[in-house]
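Fold and contact review
Here is how the chains run, residue by residue.
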Protein chains: 2
Amino acid sequence: MHDRRSFMKLGAGMAAGAMMPMVASAKCGDEPTQWDSEHEVIIIGSGFAGLAAAVEAMRKGAKDVVVFEKMGVYGGNSTLNAGQACFAGTELQKKLGIKDSAELMVKDQLKSGRGIASETLLRHSAELGPYIYQMTKDCGCVYRDHIITTGGTSATRSHQVVERSGSGFIRPMLDTARKMGVKTFIRHKFEHLIRDNSGRVIGIQVRKGYHFGHEESGELINVKAQRGVIIATGGFGYNINFRMAQDPTLTAEVGCTNAKGATGDGLIEMLAAGATPVHLAHIQSGPWASPDEGGFGYGAGFSLYNFPHSIAIDRNTGQRFMNEIADRKTRADLELQRRDKDGNPNPALLIAPKHEAQKDPSMHNVLKYNVAWEFDSVEAIANHFDVPLAPLKKQIDDWNGFVENGEDTQFGKRMDAGRGIKLTAPFIVQRLWPKVHYCQGGIQINTKAEVLAAKTGKPIPGLYAAGEVTGGIHGVSRLGGCSTPECMAFGVTAARSIMEA
Amino acid sequence: MHDRRSFMKLGAGMAAGAMMPMVASAKCGDEPTQWDSEHEVIIIGSGFAGLAAAVEAMRKGAKDVVVFEKMGVYGGNSTLNAGQACFAGTELQKKLGIKDSAELMVKDQLKSGRGIASETLLRHSAELGPYIYQMTKDCGCVYRDHIITTGGTSATRSHQVVERSGSGFIRPMLDTARKMGVKTFIRHKFEHLIRDNSGRVIGIQVRKGYHFGHEESGELINVKAQRGVIIATGGFGYNINFRMAQDPTLTAEVGCTNAKGATGDGLIEMLAAGATPVHLAHIQSGPWASPDEGGFGYGAGFSLYNFPHSIAIDRNTGQRFMNEIADRKTRADLELQRRDKDGNPNPALLIAPKHEAQKDPSMHNVLKYNVAWEFDSVEAIANHFDVPLAPLKKQIDDWNGFVENGEDTQFGKRMDAGRGIKLTAPFIVQRLWPKVHYCQGGIQINTKAEVLAAKTGKPIPGLYAAGEVTGGIHGVSRLGGCSTPECMAFGVTAARSIMEA
């Protein structure tokens, strides 16, 4: 009865303790008995949140900051998006004559959150927007002069980097962090939090030399944190088992825009450490995704650019069925209702005018990779996609009438500057079918980015989190372009809290 | 640097381990170093799930079963309801000529679950219905001959005990369990799971002599489980901090029908042990609650009995605003929209015909305790509650027309047997305002009632759960009368799994 004896041997306090983390790890028996290395600040994850935390920690005077990334490349899921970030009250907005404010941004996000978003966290994030905007520029990120309208917003505020990809943020921020002296390591996977007897997080166990998909690869090392640990490990969109526990319909067959590494390891480890789970059941699907390519792909960038001046058509009716710039959940839910008579998916058609679509480089890619196709007439579209011609013709005429009158009397889509564009041949057409994109849910934090314990509602000392691994901020549905700035805002906040603690 | 040294001293495996459970407990240092007692099966919680598990374990040949209850009385939140349980395919239904089936019940529940309910768990529960019905009768529970129609069901299937209260199930089941040899203890609060190095749950830590509200009261003892532990500790409706993390609008001011002990301790401890959280954000409010009394009260029983043949009126319009037997979420959401011009709550009025209401004893209570009032004319109602008279009169006439024609052309409410009742004076009127009632969310189990680990999706050896502490079964919204049978079905299932393991 070895268990029993080892149970007896241990001192009070160690007893049950020693046995409790076993579910979180079947490998504790292999853990080393000393610290293998030591750093002032440990950051786990090299996406928007992790890198913003690293840069801010150095700005606040940290001398020894380390970033661990489990994958073979830096950036995580943050590299896979259109490189957009909603900021309210920037110089660029003023220059373009756009009236906006943090309050207005919070108002838009609360609406999309459908009653359960966290107003305090949203406001904290929105108010840091201009600082984040400037910080990214200081890091060398280059923004386009054109600001984009994203769904569910009452002001045009989605700032986009010239690369039109998250990598346009990640690369300069990573370079800057390293220049400032931040140590970065790939293939280092976070396995466990290590706490002292008071419950304070004093370090982590990392799997060094980890190769994704080979969970036993590499060696386990213990890394001590002098000030604290920041978890910025992202969402669980690619963890089929965990996401299906929340929504049984999100099977392996359902598309996902995330990077393969979005498996929620950090989230699950924090839950096992007593963190508070929030809104895990609210998983967002991207309404701009194409069923004609894998992952995030090229279609997202194309549809994001074109939704404001294009129409989405139900192939059964030839009619519009939604406001093409409604919030993501509204659109994704409506798109998923487009079915053939047997109930099989019948993806809607986004019809864009080439004369406008060609102004964005995304058109080149969708045409090149067969994610969208060009048609020189309405007849050709109706014929190719088996759409009733007459109603489709009428719908396009109606839409052009809305453009002339400056009002969409069909779905109330905003028709202000930049949107008064007629839909005329030739057309570029992309199919629309949602893919799993973002996890609103995660572990609960406060406005200091401290992780709150489920049992007490109080912060877990030494533990901070930022980005998609956290939850409750956006509520039921997150607005487009609002994750990037939030990841960075709470990364910055976590760094400040650690340096001030 | 005491922490460091103790860290070094411990053997491999114990190291990080010893430090990890601290968040879950700041009191580990006080844990005893030996087993204070030992039982074959440990059940935590004495509600529907716990007692059904206890009885079934004895039926399956267990010799030493113990039930620990943290409060000063048995039954927990299970005692606070109308004593209804939806079973499909019982002798009583056949006797009353009601056509029903487990499949139909599952279909109703899937609809209410809005796409994320677990069909496999619902079917498992529904198919055990007739067994549970007979088991409760074997325990001495006495059912009324009248079966009740509850919201969102396509067949009349809510069986009710003569006491019209959950205590009508609890008392006979508790007596039966004890007669069978089950040991039961009050004021014993579950504090921690104790596991061996393989991760298997081998016992629990209990606070003996605990007094609710005094978290340090009593003494900590370690109880060994030979076969396993069944957690049946219920929901977290009364844990203001935890429920607000899921829905910031559920402040302390929001009413709650639960027993004070519904604080989610068992749920939170299992999460800290690596269990999978599911649907925590889906918290149900009871649409039958009265703002004129505290907790579950008398109004719920009255409105539950009368919804089928009564109408709910918006005081601003004098009109109906919902199908009075729609599912709970549909009704609660609509009731919460009844506001005065300043946006303050303006509870709807349930208007019932006395000639029918008096057939149920609940009328006596609501009148006695000023939860409802009698009026001899429509004018009197309009005058007392400041409702526009003309539309109210017309609404009542319209309703009586629906009754005559056997069809509700206004909201499509089912008008079959037992519902064709005219709304004539005198009237009994109750106000309606939702209260927090039930947590759809909890930890994930499979059809063996095994608790699944978030990290692996595999069962945590030796750990089982049943009842409101589990989640994912009902999805977004649970149907009325469907918790009681589900609690018992999975209690029974947990007992069978433990005895077969």
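Residues numbered from 1 in each chain as written. Chains lettered and ligands numbered in written order. Predicted model: local features only at pLDDT ≥ 70, side-chain atom pairs only at ≥ 80, totals over all residues. Heavy atoms only, no water.

Under the annotation held in an unreviewed UniProt entry, chain A carries the name Flavocytochrome c and is attributed to Ferrimonas sediminicola. Turning to chain A, the UniProt annotation filed under Cofactor (unreviewed entry) states: "FAD". Chain A has a UniProt comment under Sequence similarities (unreviewed entry) that states "Belongs to the FAD-dependent oxidoreductase 2 family. FRD/SDH subfamily." (UniProt positions renumbered as here; feature names shortened; annotations may be inferred.)

1. Concerning the confidence of the model for chain A
Predicted coordinates in regions of low pLDDT should not be interpreted in detail. Looking at chain A as a whole, the pLDDT averages 92, with 93% of positions reaching at least 70. Interface confidence for the predicted complex, expressed as ipTM, amounts to 0.85; the pTM equals 0.89. (pLDDT = per-residue confidence, 0-100.)

2. Details of the sheet that holds strand β12 (residues 348–353) of chain A
Backbone-to-backbone hydrogen bonds join strands into a sheet, with any given pair of strands oriented parallel or antiparallel. Residue and element names in this part refer to chain A. If you walk across this open sheet you meet the four strands as β11-β12-β14-β13, and the pairing is antiparallel. Pairing within the sheet leaves two strands with one partner each, and these edge strands are β11 (311–313) and β13 (372–375). Taken pair by pair, the neighbouring strands of this sheet meet at an average axis angle of 30°, ignoring direction. Relative to β12, β11 is paired through three bridges, and the arrangement is antiparallel. Bridge assignment links alanine 312 to a residue of β12, and that residue is leucine 350. (Pairing = 2+ DSSP bridges. Helix = DSSP H or I, 4+ residues; strand = E, 2+ residues; numbered from the N terminus. Axes fitted to C-alpha atoms, helices over the stretch in contact; angles between N-to-C directions.)

3. Thoughts on empty space enclosed by the protein
Residue and element names in this part refer to chain B. Under the counting rule described, the total for this entry stands at seven cavities of 30 Å³ or more. Taken as a whole, the second largest cavity holds about 70 Å³ of empty space. Surrounding the second largest cavity, Thr149, Thr150, Gly151, Trp288, Leu304, Phe307, Ile325, Asp327, Arg328, Arg331, Leu479 and Gly480 form its lining. Along the lines of polarity and charge, the residues of the lining of the second largest cavity split into five nonpolar, four polar and three charged. Composition of the lining of the second largest cavity by domain shows at least three residues from each of domain 1 (18–285 + 436–501) and domain 2 (288–433). (1 Å grid on protein atoms, 1.4 Å probe; cavity = no way out; pocket = protein on both sides within 12 Å on 5 of 7 lines; lining within 4 Å. Points joined across faces, edges and corners; volume = space filled by probe spheres on them. Nonpolar A, V, L, I, M, F, W, Y, C, P; charged D, E, K, R; others polar. Domains from an automatic or database assignment.)

4. Quick look at the pairing of strand β18 (residues 459–465) of chain A
Residue and element names in this part refer to chain A. Within β18, five of the seven residues are buried, which leaves the element mostly enclosed by the surrounding structure. Pairing geometry for strand β8 (residues 219–231) and β18, over three bridges, is parallel. Note on β18: the bridge partner recorded for valine 229 is leucine 463. Sheet topology note: the strand β17 (residues 450–452)/β18 ladder contains two bridges and is antiparallel. Bridged to leucine 452 within β18 is proline 459. Connecting β17 to the next strand, β18, in antiparallel fashion are six residues, including glycine 457 with a positive phi near 75°. (Buried < 20%, exposed > 50% of the residue type's maximum accessible area, 1.4 Å probe, protein only.)

5. Things to note about the side chain of arginine 331 of chain B
You can see arginine 331 of chain B is positioned in helix α12 (residues 328–335). For arginine 331 of chain B, the contacting residues outside a window of four places in its chain are Gly151, Pro287, Phe307, Met322, Asn323, Glu324, Ile325 and Ala326 of chain B. (Contact = heavy atoms within 4.5 Å.)

6. Concerning the pairing of strand β1 (residues 37–44) of chain A
For a regular strand, side chains alternate in direction, first toward one face of the sheet and then toward the other. All names here are of chain A. Across the eight residues of β1, six count as buried, placing the element largely inside the fold. Bridge analysis of β1 against β8 gives seven bridges, and the strand direction is parallel. Residue pairing for β8: histidine 39 is matched across the bridge by alanine 225. Here four bridges tie β1 to strand β2 (residues 65–68), and the two strands are oriented parallel to one another. Following the sheet pairing, valine 41 is matched in β2 by valine 65.

7. A few points about the domain arrangement of chain A
Residues and elements named next belong to chain A. With domains assigned, chain A is organised as domain 1 (18–285 + 436–501) and domain 2 (288–433). Distance from the C-alpha centre of domain 1 to the C-alpha centre of domain 2: 33 Å. The partner domain 2 presents 18 residues to the 28 residues of domain 1 that form the contact. By the criterion of area lost to domain 2, the three top residues of domain 1 are Arg114, Thr149 and Thr257, representing 26% of everything that side buries. (Buried area = accessible area lost by both parts, 1.4 Å probe.)

8. Description of the environment of threonine 149 of chain B
Residues and elements named next belong to chain B. Structurally, threonine 149 is set in the loop between α7 (129–139) and β4 (158–160). Assessed through its relative accessible area of 6%, threonine 149 is described here as buried. On a C-alpha basis, the gap between threonine 149 and proline 308 in space is 7.1 Å, while along the polypeptide they are 159 residues apart.

9. What about the pattern of salt bridges?
A complete count under the given rule lists 59 salt bridges over all chains for this structure. Residue lysine 189 of chain A pairs with glutamate 215 of chain A through a salt bridge whose shortest N-O separation is 3.3 Å. With a gap of 26 residues between them, lysine 189 of chain A in strand β6 (residues 188–195) and glutamate 215 of chain A in the loop between β7 (201–208) and β8 connect regions that are remote in the sequence. Given a relative accessible area of 36%, glutamate 215 of chain A falls into the partly exposed group. Notably, a salt bridge pairs aspartate 265 of chain B with lysine 70 of chain B, separated by 2.5 Å at the nearest N-O pair. (Salt bridge = Lys/Arg side-chain N within 4 Å of Asp/Glu carboxyl O.)

10. A closer look at the side chain of arginine 331 of chain A
Although arginine 331 of chain A is buried, it makes no salt bridge; glutamate 335 of chain A carries the closest opposite charge, 5.9 Å away. Reaching out from arginine 331 of chain A, the side chain makes a polar contact with the backbone oxygen of alanine 326 of chain A at a distance of 2.7 Å. (Lys, Arg positive; Asp, Glu negative; His and termini not counted. Polar contact = N/O pair within 3.5 Å; in protein donor to acceptor, adjacent residues only side chain to side chain.)

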